[in-house]
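Residue-level structural notes
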Amino acid sequence: MPNLHHAALAEIGSVLDRVDAHQIDIAIEAIAQARRIALYGVGREGLQIKGLAMRLFHLGLAASVVGDMTTPPLGPGDLLVASAGPGGFATVDALLGVARAAGAGTLVVTAQPNGSAARLADRVLVLPAQTMADDQGTAATSVLPMGSLYEGAQYVLFEIMILRLRDRLGVLPDAMRSNHTNLE
């Protein structure tokens, strides 16, 4: 068992090596230009999305998590970022429709570029990792359980995107730190 971390890290690296750099550029530009950003994900994906929302806030952006009482309405100039690793969820698909009807842009992060959420989004960032949609039987290839390769890769990808956004927006590390809560 001591080498499981090597296998897991290699898998995450392999996933990130296959992400389309142009899709990352598009996602970063959409986030950088958005007036307000609302983020949504379910389960473990939701945890990664909340981490991304926190980092966007640290950058000084108007970011909120869908479902929080302080999430503002979206409209033109705003962006909904949603995660749908297995391709689609009823909630994600519905929220994409609401955001688009309100005139907001939409960005979906997914492992399934032909899924329902990707078809509904303006922009798609494909993270080609195993999810719970394809982690059983002979399709199961990851050492990580229950499709968590996707969420592990999300964490690293999102942190790299934050570094790129920080540079793109000209935000200094000390400025990010100054936005960190002091109520811990």
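Shown above is the structure to which this text applies.
The written sequence of each chain sets the order in which its residues are numbered from 1. Residue-level local features of this predicted model are given only where pLDDT is at least 70; pairs of side-chain atoms are given and counted only at 80 or more, and the full residue set underlies all totals for whole chains, interfaces and linings. Side-chain metrics rest on all non-hydrogen atoms present in the structure, leaving aside hydrogens and water.

**Describing the packing of helix H2 (residues 21-33) against helix H6 (residues 148-169)**
- Note on method: axes are straight lines fitted to C-alpha atoms, helices fitted across the in-contact stretch only, with angles between N-to-C directions ranging 0 to 180 degrees. Only runs of H or I of at least four residues qualify as helices and only runs of E of at least two qualify as strands under DSSP, and these elements are numbered from the N terminus. Interhelical geometry of H2 versus H6 gives an angle of 55 degrees and a closest axis separation of 10 Å. Classified by the angle their axes make, H2 and H6 are oblique. The handedness of the crossing between H2 and H6 is right-handed. Contacts between H2 and H6 involve Ile24, Asp25, Ala27, Ile28, Glu29, Ile31, Ala32 and Gln33 from the former and Leu157, Met161, Arg164, Leu165, Arg168 and Leu169 from the latter.
- All residues other than Ala, Val, Leu, Ile, Met, Phe, Trp, Tyr, Cys, Pro, Asp, Glu, Lys and Arg, Gly among them, are scored as polar; the first ten of these are nonpolar and the last four charged. In the contact of H2 with H6, the residues fall into nine nonpolar, one polar and four charged. Reported orientations rely on four angle classes, namely roughly parallel under 35 degrees, roughly antiparallel over 145, roughly perpendicular from 65 to 115, and oblique for the rest. Crossing handedness is defined as follows: a turn of the near helix away from the far one that is anticlockwise and smaller than a right angle gives a left-handed crossing, while the clockwise case is right-handed. In this description, contact between two residues means that some pair of their heavy atoms is separated by no more than 4.5 Å.

**Describing the pairing of strand S4 (residues 105-110)**
- Relative accessibility thresholds used throughout: buried, under 20% of the residue-type maximum; exposed, over 50%; partly exposed, between the two (1.4 Å probe, protein chains only). Along S4, six of the six residues are buried, which leaves the element largely enclosed by surrounding structure.
- Of the two faces of S4, both are covered, the one formed by Gly105, Leu107 and Val109 as well as the one formed by Thr106, Val108 and Thr110.
- As paired elements, strand S3 (residues 79-83) and S4 share five bridges and run parallel to each other. Bridged to Ser83 within S4 is Val109.
- Looking down the strands as they point away from the viewer, one classifies a crossover as right-handed if the path from the first strand across the helix to the second runs clockwise. As for the winding sense of the linkage, the β-α-β connection from S3 through helix H4 (residues 90-101) to S4 is right-handed. In this description, strands pair whenever DSSP reports at least two bridges between them.

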